[in-house]
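Descriptive analysis of the structure
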Amino acid sequence: MSAFGVTFRRELALLWAGGGALAPIGYFLGATLLVPLAMGPERTLLQAAGPPLVWIAAALSVMGMLERLFQADLEDGSLDQMLLSAPPLELIVFAKGAALWVAIGLPLALTGAPIAIALQAPVERVPSIVASLALGTAGFVGVGLIGAALTASVKRGGVLLALIVLPLFAPPIIFGASVASGEDVAAAFAILGGCALGGLALGPIAAAAALRLQAE
Amino acid sequence: MSARGPFRDRPSIRVEALSLSRGQRVLFEGLSFAAASGAYVEVQGSNGSGKTSLLRAIAGLLRPRAGQIAIEGAEDPSLALHYVGHANALKREASVRAHLHYWAGLFGGSPSEDYVAQTLGLGPVMSLPVRVLSQGQARRLALSRLIVAPRPIWLLDEPAAALDEGGKAVLNEMIAAHRASGGIAIAAVHEPLGAPPSQAVRVAA
């Protein structure tokens, strides 16, 4: 099997091992489903506050998975092996990002459906909310690769990681929330798609460059 | 390339006036040596003298402060070497078998499950996750990378760490077979592995 294939499969298996990938989904569900409990069932209030809260929770769920993404590889020597293998590090980083999105991003997007309904979103809007979460989490992962690589050698680098990554999470959050509240949906989708493609194209390249420096 | 057959390329390594530093500290300066096909080089030196850094520099993982490292005669430089560092590069939750298949895909080799089970004695733990292995078994698994994907140059950092007598004997046999097929092995050791090296390199400030 190709280097991409084996890396993707291994990362997916490691993410699911011991239910590790369930934690961000549980966090996402828990954080968002507390909103109607805390705010009361009033429809207009929930429809206004729901979309931004869902997107902030999604961003934080993805961010929680980033800290150990490359740090573990750096500490246990796996990063050296990735650097010494013939396939370019960019491809391996891309495979890790793809596995992270399949393990976290896709389930988050699907979880978005029951959450949207609980937060009083119109039912006909649920499919576009799920699709926007799928695109938005791909953008989060793309940008997140860079932050995770830059902070791989920093002990307890979670705070630094948040400082680097959260400002870059802003565009998907802004336009994702506008899909969820039904404003300028077509334009918002175009920008979300751009964020996802841009993140997935540039993230692996920038992350690989950062990792090469960290390995020294 | 066959798994354990002779290497078509006759590799050689030339290190000239090499100087390495970690942070602000200069580890050593002006180190020169050459190793030809079939050589087994033991790198000796006290703790912190730069044995690991020398191996990492040859692997291209550490940029030298000054000097040259030339690897010649390898057909494809990206397939020239293996590095077994003191970290075993293992994932606690993945099984022994999963590691072999992963490396075979990453490095372009074959998982060689039967051969690894036989020579390194990992047969009984093949399906178990790494977290239940002993230190010695984990080291054996790290060394199995050398078998899974053939590379003409082996860089081994304390390869016998945590190995029992049987493990050390297997390691010596692996190195002997590697040399016989034209490969080069460079090992950083604090005590000799057993088989006499073709040359010894001392690193010291």
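The following paragraphs examine the structure supplied in this document. (Residues numbered from 1 in each chain as written. Chains lettered and ligands numbered in written order. Predicted model: local features only at pLDDT ≥ 70, side-chain atom pairs only at ≥ 80, totals over all residues. Heavy atoms only, no water.)

1. Structural notes on the overall build of chain B
- Scanning chain B for helices and strands turns up six helices and eight strands.
- Going from N to C terminus, chain B has its helices and strands arranged as β-β-β-α-β-β-α-α-α-α-β-α-β-β.
- For chain B, the C-alpha radius of gyration of 17 Å lies close to 17 Å, the compact-globule estimate for 205 residues.
- Taking the principal axes of its C-alpha atoms as reference, chain B extends roughly 45 × 35 × 30 Å.
- Taking contacts inside chain B between residues at least 6 apart in sequence as the whole, the part at least 24 apart equals 73%.
- Charge separation in chain B, taken as the distance between the mean sites of 21 positive and 16 negative side-chain charges, equals 5 Å. (Helix = DSSP H or I, 4+ residues; strand = E, 2+ residues; numbered from the N terminus. Rg over C-alpha atoms; globule rule 2.2 N^0.38 Å. Contact = heavy atoms within 4.5 Å. Lys, Arg positive; Asp, Glu negative; His and termini not counted. Charge placed at Lys NZ, Arg CZ, Asp CG, Glu CD.)

2. Quick notes on the interface of chain B and chain A
- In this assembly, 24 residues from chain B lie in contact with 26 residues from chain A.
- When the buried area of chain B at its contact with chain A is split by residue, K91(B), Y102(B) and L106(B) rank highest and sum to 33% of it.
- Residues K91(B) and D73(A) are paired through a salt bridge, measuring 2.5 Å at the closest nitrogen-oxygen approach.
- Taken together, the links from chain B to chain A amount to eight residue pairs in polar contact (both at pLDDT 80 or more).
- Elements that contribute at least two residues to the side of chain B that touches chain A include exactly α1 (51-59), β5 (81-84) and α2 (96-107) of chain B.
- If one sorts the elements of the side of chain B that touches chain A by residue count, α2(B) sits on top with six residues. (Buried area = accessible area lost by both parts, 1.4 Å probe. Salt bridge = Lys/Arg side-chain N within 4 Å of Asp/Glu carboxyl O. Polar contact = N/O pair within 3.5 Å; in protein donor to acceptor, adjacent residues only side chain to side chain.)

3. A short note on the sheet that holds strand β7 (residues 184-188) of chain B
All names here are of chain B.
- Read from one edge of the open sheet, five strands run β5-β6-β7-β3-β8, paired in parallel fashion. With partners counted over all chains shown, the strands left at the sheet margins are β5 and β8 (199-202), one partner each. Strand-to-strand twist of the sheet, defined as the mean angle between neighbouring strand axes without regard to direction, takes the value 15°.
- The pairing of β5 with strand β6 (residues 153-157) spans four bridges and is classified as parallel. Across the sheet, L81 pairs through a bridge with I153, a residue of β6.
- Strands in contact with α1 are β3 (40-44), β5, β6 and β7; relative to β6, the strand with the most contacts, it is inclined by about 155°.
- Those strands touched by helix α6 (residues 165-180) are β3, β6 and β7, and its axis lies near 155° from that of β6. (Pairing = 2+ DSSP bridges. Axes fitted to C-alpha atoms, helices over the stretch in contact; angles between N-to-C directions.)

4. As for the packing of aromatic side chains
- Taken as a whole, this structure holds four aromatic pairs over all chains when the rule is applied.
- On the basis of an interplanar angle of 10° and a centroid distance of 6.1 Å, the ring pair of F4(A) and F8(A) is categorised as stacked. Placement of both F4(A) and F8(A) in helix α1 (residues 3-16) is noted, with a separation of four residues, approximately one turn of the helix.
- Taking relative accessible area as the criterion, F4(A) reaches 29% and is therefore assigned partly exposed.
- Aromatic pair F140(A) and F169(A): ring centres 4.4 Å apart, planes at 35°, arrangement tilted. Of this pair, F140(A) sits in helix α6 (residues 126-150) while F169(A) sits in the loop between α7 (158-168) and α8 (170-180), placing them 29 residues apart in sequence. Each member of the pair F140(A) and F169(A) is classed as buried.
- Each member of the aromatic cluster is reached from another via a ring pair, and the members are F4(A), F8(A) and F94(A).
- Cation over ring: R10(A) sits above Y102(B), and NZ or CZ is 3.7 Å from the ring centre.
- R145(B) extends its terminal NZ or CZ atom over the ring of W103(B), reaching a point 5.1 Å from the ring centre. (Phe/Tyr/Trp six-rings, centres within 6.5 Å; stacked < 30°, edge-to-face > 60°. Buried < 20%, exposed > 50% of the residue type's maximum accessible area, 1.4 Å probe, protein only. Lys NZ or Arg CZ within 6 Å of the ring centre and 35° of its normal.)

5. Focus: the sheet that holds strand β4 (residues 66-72) of chain B
Residues and elements named next belong to chain B.
- Read across the sheet, three strands follow the order β2-β1-β4 without closing on themselves; strand pairing throughout is antiparallel. The outermost strands of the open sheet, each flanked by one partner alone, are β2 (25-35) and β4. With strand direction ignored, the average angle separating the axes of adjacent strands in the sheet is 20°.
- Where strand β1 (residues 12-22) meets β4, six bridges bridge the pair, whose relative direction is antiparallel. Bridge pairing links S12 to E72 in β4.
- The strands touched by α1 within the sheet are β1, β2 and β4, with β1 carrying the most contacts at an inclination of about 125°.

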